[in-house]
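# Per-entry structural report
Next come the chains, spelled out residue by residue.
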Amino acid sequence: GEDVEQSLFLSVREGDSSVINCTYTDSSSTYLYWYKQEPGAGLQLLTYIFSNMDMKQDQRLTVLLNKKDKHLSLRIADTQTGDSAIYFCAESSRKNTGFQKLVFGTGTRLLVSP
Amino acid sequence: GAVVSQHPSRVICKSGTSVKIECRSLDFQATTMFWYRQFPKQSLMLMATSNEGSKATYEQGVEKDKFLINHASLTLSTLTVTSAHPEDSSFYICSAPQQGIPSGANVLTFGAGSRLTVL
């Protein structure tokens, strides 16, 4: 079945760039997503990328997709303490009509120190 | 933007009792909602897909009789944990397909989650 993996923890200093990595196994993935979860809260969509794209940039966020290696990354420029959270990678694939379920990674806990 | 409201945010109950969690889509209709469970420091596990007007679709290994899902209207889905036990303690999160997104993008709007503690 589908599998999505991430490193568990990343620690950076305020002002540095953060890079969170994700690997997935489903070669039929059509969309890949990055969600952010703050303590005790639900998930907030940060960005998503269609599988025929290599890169997507949105303000401080840059998503890189290497479809050949099934590798997705999220780069946060000028990381702030407010960026401390858990970041989830997720993928969906078009197998049937209608809304497809998302498969989430294990989450990467980002800690930003002053 | 689309908002999904989930209630209660926290609930503590005694073992053997039942607990109902509500998930509402505000200002938009959701014919489908998804219920996830999240264990501490772990990923989200899809429990079931709630469908308005029909039975919920449960993922493999999820007990239908333990986790009752009712999609009462186009804006409300409920999850009832029946005869709760301490092992049911967890963070439950609902979600609905986000509006205004290109078809096929499968973007979800999440509720804030409900933390259930069973004593």
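Residues numbered from 1 in each chain as written. Chains lettered and ligands numbered in written order. Predicted model: local features only at pLDDT ≥ 70, side-chain atom pairs only at ≥ 80, totals over all residues. Heavy atoms only, no water.

### Overview of the overall build of chain B
Each helix and strand counted, chain B has zero helices and eleven strands in total. For chain B, the α and β elements follow one another from N to C terminus as β-β-β-β-β-β-β-β-β-β-β. Relative to its length of 119 residues, chain B is compact, with a C-alpha radius of gyration of 14 Å against a globular reference of 14 Å. Across its three principal axes, chain B shows a C-alpha extent of roughly 45 × 30 × 25 Å. Looking at chain B residue by residue over its 119 residues, the buried ones come to 53%. For chain B, the proportion of contacts with a sequence separation of at least 24, taken over those separated by at least 6, is 54%. Put simply, chain B shows about 5800 Å² of open surface, and 49% of that area lies on carbon and sulfur atoms. (Helix = DSSP H or I, 4+ residues; strand = E, 2+ residues; numbered from the N terminus. Rg over C-alpha atoms; globule rule 2.2 N^0.38 Å. Buried < 20%, exposed > 50% of the residue type's maximum accessible area, 1.4 Å probe, protein only. Contact = heavy atoms within 4.5 Å. Areas by Shrake-Rupley, 256 points an atom, 1.4 Å probe, with all protein chains shown as cover.)

### Some points on the packing of aromatic side chains
The description of two aromatic rings rests on the distance between their centres and on the angle between their planes. The full count for this structure, using the stated rule, is twelve aromatic pairs over all chains. Between the aromatic rings of A:Phe104 and B:Tyr36, the centroid separation amounts to 5.6 Å while the plane-to-plane angle is 90°, which identifies the pairing as edge-to-face. Of this pair, A:Phe104 sits in strand β10 (residues 103-104) while B:Tyr36 sits in strand β4 (residues 32-38), which puts the two residues in different chains. Residue A:Phe104 is classed as buried on the basis of its relative accessible area, which comes to 8%. On the accessibility criterion, B:Tyr36 (1% relative accessible area) is buried. Put simply, the rings of A:Tyr31, A:Tyr33, A:Tyr35, A:Tyr48, A:Phe50, A:Phe88, A:Phe104, B:Tyr36 and B:Phe110 pair up and form one aromatic cluster. (Phe/Tyr/Trp six-rings, centres within 6.5 Å; stacked < 30°, edge-to-face > 60°.)

### Description of the environment of B:Phe110
Residues and elements named next belong to chain B. If you trace the backbone, Phe110 turns up in strand β10 (residues 108-110). Take Phe110: its relative accessible area is 8%, and that puts it in the buried class. In the structure, Phe110 is positioned 15 residues away from Ser95 in sequence and 4.2 Å away in space, judged by C-alpha atoms.

### Here's the deal with the sheet that holds strand β7 (residues 67-73) of chain B
Residues and elements named next belong to chain B. One open sheet holds the four strands; their spatial order is β1-β3-β8-β7, and the pairing between them is antiparallel. Edge strands, defined here as strands with exactly one partner in the open sheet, are β1 (3-7) and β7. The mean inter-strand angle of the sheet, taken between neighbouring strand axes irrespective of direction, is 15°. Where β7 meets strand β8 (residues 76-81), five bridges bridge the pair, whose relative direction is antiparallel. (Pairing = 2+ DSSP bridges. Axes fitted to C-alpha atoms, helices over the stretch in contact; angles between N-to-C directions.)

### Things to note about the side chain of B:Ser95
Residues and elements named next belong to chain B. Following the sequence through the fold, Ser95 ends up in strand β9 (residues 90-97). Owing to a relative accessible area of 0%, Ser95 belongs among the buried residues under this scheme. Beyond its immediate chain neighbours, meaning those up to four positions away, Ser95 contacts Met33, Phe34, Tyr36, Leu108, Thr109 and Phe110.

### Re the environment of B:Gly113
Residues and elements named next belong to chain B. Note on placement: Gly113 falls in the loop between β10 and β11 (114-118). Along the chain, Gly113 and Arg10 lie 103 residues apart, while their C-alpha atoms are 8.5 Å from each other. Setting aside residues no more than four positions away along its own chain, Gly113 makes contact with Gln6, Pro8, Ser9, Phe91, Tyr92 and Ile93.

### A look at the pattern of salt bridges
Where charged atoms of side chains with opposite charge meet at close range, the side chains can pair. On inspection of all chains with the given rule, the structure shows five salt bridges over all chains. The closest approach of N and O atoms between A:Arg60 and A:Asp83, which form a salt bridge, is 2.9 Å. Taken as a pair, A:Arg60 in the loop between β6 (55-58) and β7 (61-66) and A:Asp83 in the loop between β8 (71-76) and β9 (85-93) lie far apart in primary sequence, 23 residues in all. Across the salt bridge formed by B:Asp88 and B:Lys66, the nearest N and O atoms sit 2.9 Å from each other. Here B:Lys66 lies in the loop between β6 (57-58) and β7 and B:Asp88 lies in the loop between β8 and β9, a separation of 22 residues in the sequence. Residue classification places B:Asp88 among the buried residues on the basis of a relative accessible area of 5%. (Salt bridge = Lys/Arg side-chain N within 4 Å of Asp/Glu carboxyl O.)

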